Amino acid sequence: MTGLTALLLFAAWTLLIMFSYVGYRVILVFSGKKRANAWTRGLQTDDPPFIVRASHAHANCVENLPVFAAIVLASVALGKTAVVDQVAIFYLAARVVQSLVHLISTSHWMVFLRANLFVVQVLLSFYMIWGLLA
């Protein structure tokens, strides 16, 4: 898998997670059960736990997508795509599994697993940056 393919799949995954909670909210608005402005950032919500976790998983993807995009695009600009291509599938897999764990549960062990998957992504990011600067 190329870095650019992984980047596109990461973006698609981010959108898919977004649709999981936005779709729920759109249904509530169109059915008249909620007002469109019922969801304000930082305020407590009465959404089901899965929807809250989906919103948080989406925010986490949005926070990390620009870093991965910068690395991938830098590899293209520098003509060193092989550095990113060799680990892109592992980065993407860690990201997707981290999101899935986030969607499943917030128990101690699941958060621990999620944190370790994030560490894998950070280490792979440093590996790719190091390879691009070498």
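In this text, all values refer to a predicted model and were calculated from it rather than measured experimentally.

What follows is about the overall build of the chain. Tallying secondary structure elements over the chain gives five helices and zero strands in all. Counting helices and strands in the order they occur from the N terminus, the chain gives α-α-α-α-α. Counting only C-alpha atoms and orienting by the principal axes, one finds that the chain spans roughly 55 × 30 × 25 Å. Here the chain, with 134 residues, has 37% of them falling under the buried criterion. Within the chain, counting contacts between residues at least 6 apart in sequence, those at least 24 apart form 76% of the total. Of the accessible surface of the chain, which amounts to about 8,100 Å², a share of 73% is contributed by carbon and sulfur atoms. Here the chain contributes 9 positively and 4 negatively charged side chains, and the mean placements of these two sets differ by 4 Å.

Once that is clear, we can look at the nonpolar core. Membership of the largest hydrophobic core comes to 25 residues, with the highest contact counts inside it found for L7, F10, F68, V84, Y91 and M128. Every element with two or more residues in this core is listed here: α1 (3-30), α2 (49-78), α3 (81-85), α4 (88-104) and α5 (108-133). When residues of this core are assigned to their parent elements, the largest contribution, nine residues, is made by α2. Not counting residues up to four positions away in its chain, the partners in contact with M128 are F68, I71, V83, V84, V87 and Y91.

Another aspect to go through is the pattern of salt bridges. Per the stated rule, a full pass over the model turns up two salt bridges. Two residues, D47 and R25, come together in a salt bridge whose shortest N-O distance is 3.1 Å. Residue D47 is located in the loop between α1 and α2, and its partner R25 is located in helix α1; the two are separated by 22 residues in the primary sequence. Just as D47 is buried, R25 falls in that class too. Of the charged contacts, one joins D46 and K34 as a salt bridge, the two residues approaching to 2.5 Å between their closest N and O atoms. Of this pair, D46 sits in the loop between α1 and α2 while K34 sits in the loop between α1 and α2, and the two are 12 residues apart along the sequence. Of the residues examined, D46 reaches a relative accessible area of 58% and is grouped as exposed.

Further remarks concern the packing of α4 against α5. At their nearest, the axes of α4 and α5 sit 9 Å apart, and the two run at 160° to each other. Classed by the angle they form, the pair α4 and α5 counts as roughly antiparallel. When you trace α4 past α5, the crossing you get is left-handed. Residues F90, Y91, A94, R95, V97, Q98, V101, H102 and I104 of α4 form the contact with α5, whose participating residues are M110, L113, R114, L117, F118, V120, Q121, L124, S125 and M128.

Moving on, we come to the packing of aromatic side chains. Applying the stated criterion across every chain yields a total of four aromatic pairs. Seen in terms of ring centroids, F10 and Y91 are 6.3 Å apart; in terms of plane orientation they differ by 45°. Their pairing is tilted. One end of the pair, F10, is in helix α1; the other, Y91, is in helix α4, and 81 residues separate them in sequence. The same class applies to F10 and to Y91, which are both buried. Consider the rings of W109 and F112, whose centres lie 5.6 Å apart with planes at 80°: the pair is edge-to-face. Here F112 and W109 lie together in helix α5, a separation of three residues that amounts to about one turn. Aromatic rings pair up to connect F10, F68 and Y91 into one cluster.

What counts, and where the lines are drawn
Residues numbered from 1 in each chain as written. Predicted model: local features only at pLDDT ≥ 70, side-chain atom pairs only at ≥ 80, totals over all residues. Heavy atoms only, no water. Helix = DSSP H or I, 4+ residues; strand = E, 2+ residues; numbered from the N terminus. Buried < 20%, exposed > 50% of the residue type's maximum accessible area, 1.4 Å probe, protein only. Contact = heavy atoms within 4.5 Å. Areas by Shrake-Rupley, 256 points an atom, 1.4 Å probe, with all protein chains shown as cover. Lys, Arg positive; Asp, Glu negative; His and termini not counted. Charge placed at Lys NZ, Arg CZ, Asp CG, Glu CD. Core = buried A, V, L, I, M, F, W, Y, C linked by side-chain atoms within 4.5 Å. Salt bridge = Lys/Arg side-chain N within 4 Å of Asp/Glu carboxyl O. Axes fitted to C-alpha atoms, helices over the stretch in contact; angles between N-to-C directions. Parallel < 35°, antiparallel > 145°, perpendicular 65-115°, else oblique. Left-handed = near helix turned anticlockwise from the far one by under 90°. Phe/Tyr/Trp six-rings, centres within 6.5 Å; stacked < 30°, edge-to-face > 60°.

These results come straight from atomic positions and should not be treated as a statement about function.
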